[in-house]
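# Coordinate analysis (summary)
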Amino acid sequence: MEPQNNLTSPGEFIQKHLDEKGWTQSDLAYAIGTQPASINQILSNKRAISHNMAISIGAALSCNPSEIASIQTKWDIHLADAPDPAIAARALILSKYPLREMVNRGWVDPEFGKGTLEEQVCKFFNVTSLNEVPHLSHSAKKTNYDEVPPEQLAWLFRVKTIASEMATPAYDKSLLFEAISQFSDLRIKPDGVRHVPKLLEKAGVRFVVVEGIAKSKIDGVCFWLDKGSPVIGLSLRYDRIDNFWFVLRHECSHVLHEHGMENAILDCELGGDPALSENEEERIANEEAADFCVPSNKMHSFFLRKNPYFAEREVLAFSTRMNVHPGLVVGQLQRRMDRYDFLRHLKNTIQGN
């Protein structure tokens, strides 16, 4: 291959120093104790110069062996094959998104003839090129997703994909109210959550559960595929009965108030004091969710009467009176006390284990 961009080949470099000394190939071979054929191969760039050979040639020609080795390295790179374009694509995606986890979960699968990785990622985000993928775009154009962390955005698009493939009747607000009323009767049952998908489906709400991506801290989402197709997505970040019902009712509130019609509402680290929320939509959803888990006025009264000493038997008795699972009461108490170890054993997983 001919030199490009003024790149000096190892053979040219050695020949130049031979010419300066007035030596032949055989002279150099004799000086370093090797065969002339070996030097001929080096000068014709058919044989790479090893580090040991670079030291020997440097000693014979009074030149720096590091320079010889450096020239050989640059020449080797010049001759090397161009990298697989997929490497750059993987690196670009991996720089922003949890690509390995997305592949492990099957969200993106470039195997078995389904297209290249780039094509699969574009399909996942419903775009035509990587330059259109949110957070990878080189365009100055702003998108609705600019403020959404990539881990959360990948999760959101997975929920969207599943929701768009669901066959669900048109949304009926009255049936959602009816479903929530039935949820109230299920709060006391450890396995009551298993009835939720059917009740939401009947109301025309697409209910999707997708395990959250590590460190995303996402609890749930509410968005609309169209005006008659609301979607609720949960991550089950905490496998606890109190967290499930709080997040579910929070997202139901968004649907009832038609929040998220324009842009998806991604909810992260839910469960704080509703009064502290700076966003009105979140304040409303938090208040309604807390009141659903345990009626707020009753919870407040119980807390004031018993604080700071809450006997387990009193918590259980109060839960029975409220017709809710003890875990919901404990969850409310833990948040108010900022003591998440308090009666933790009463907070069953959503499977009721």
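Look a little higher up for the structure.
Residues numbered from 1 in each chain as written. Predicted model: local features only at pLDDT ≥ 70, side-chain atom pairs only at ≥ 80, totals over all residues. Heavy atoms only, no water.

## Describing the packing of aromatic side chains
The geometry of an aromatic ring pair comes down to the distance between the two centres and the angle between the two planes. Our working definition: Ring pairs are drawn from Phe, Tyr and Trp, using the six-membered ring of Trp, whenever the two centres fall within 6.5 Å, and their geometry is named by plane angle: stacked under 30 degrees, edge-to-face over 60, tilted for the rest. Comment: elements are numbered from the N terminus, with helices defined as DSSP H or I runs of at least four residues and strands as E runs of at least two. Per-residue accessibility, obtained with a 1.4 Å probe over protein chains only, is compared with the maximum for each type, and a residue is labelled buried under 20%, exposed over 50%, and partly exposed between these values. Put simply, a charge is over a ring when the Lys NZ or the Arg CZ is close to the ring centre, within 6 Å, and near the line of the ring normal, within 35 degrees.
In this structure the tally under the stated criterion is 13 aromatic pairs. Here F124 and F157 contribute two aromatic rings whose centre-to-centre distance is 6.5 Å and whose plane-to-plane angle is 35°, an arrangement assigned as tilted. One end of the pair, F124, is in helix α8 (residues 117-124); the other, F157, is in helix α9 (residues 150-164), and 33 residues separate them in sequence. The buried category is assigned to F124, whose relative accessible area is 7%. With a centroid separation of 5.9 Å and an interplanar angle of 45°, the aromatic rings of F302 and F310 are classed as tilted. No difference in accessibility class separates F302 from F310, as the two residues are buried. The ring of F292 has R187 sitting right over it, with the charged end atom 5.2 Å from the ring centre.

## Thoughts on the pairing of strand β3 (residues 229-234)
On a regular strand, one side chain projects to one face of the sheet and the next to the other, so that they alternate. As a reminder of what qualifies: Any two strands between which DSSP finds at least two bridges are classified as paired.
A large share of β3 lies buried, amounting to six of its six residues. Burial along β3 is two-sided: the face carrying S229, V231 and G233 and the face carrying P230, I232 and L234 are both buried. Across four bridges, strand β1 (residues 206-209) lies against β3 in parallel orientation. Its bridge partner lying in β3, V209 is registered against L234. Across six bridges, the pairing between strand β2 (residues 218-226) and β3 is antiparallel. Residue pairing for β3: G220 is matched across the bridge by L234. Taking the residues between adjacent antiparallel strands as the criterion, β2 and β3 are bridged by two residues.

## Regarding the packing of helix α10 (residues 173-186) against helix α12 (residues 241-256)
Under the convention used in this document: Fitting a line to C-alpha atoms yields each axis, with helices limited to the stretch in contact; the angle taken between N-to-C directions then spans 0 to 180 degrees. By definition in this entry, angles of less than 35 degrees are roughly parallel, angles greater than 145 are roughly antiparallel, angles of 65 to 115 are roughly perpendicular, and the rest are oblique. Handedness of a helix crossing follows the sense of rotation of the near helix relative to the far helix, less than a right angle counterclockwise being left-handed and clockwise being right-handed. Between two residues, a contact is recorded if the distance between any of their heavy atoms is within 4.5 Å.
As a packed pair, α10 and α12 sit with axes 11 Å apart at the nearest point and diverge in direction by 165°. As summarised for this structure, α10 and α12 are arranged roughly antiparallel, according to the angle between their axes. In the crossing of α10 with α12, the sense of the turn from one axis to the other is left-handed. Within the contact between the two elements, α10 uses K173, L176, F177, I180, F183 and L186 and α12 uses W245, L248, R249, C252, V255 and L256.

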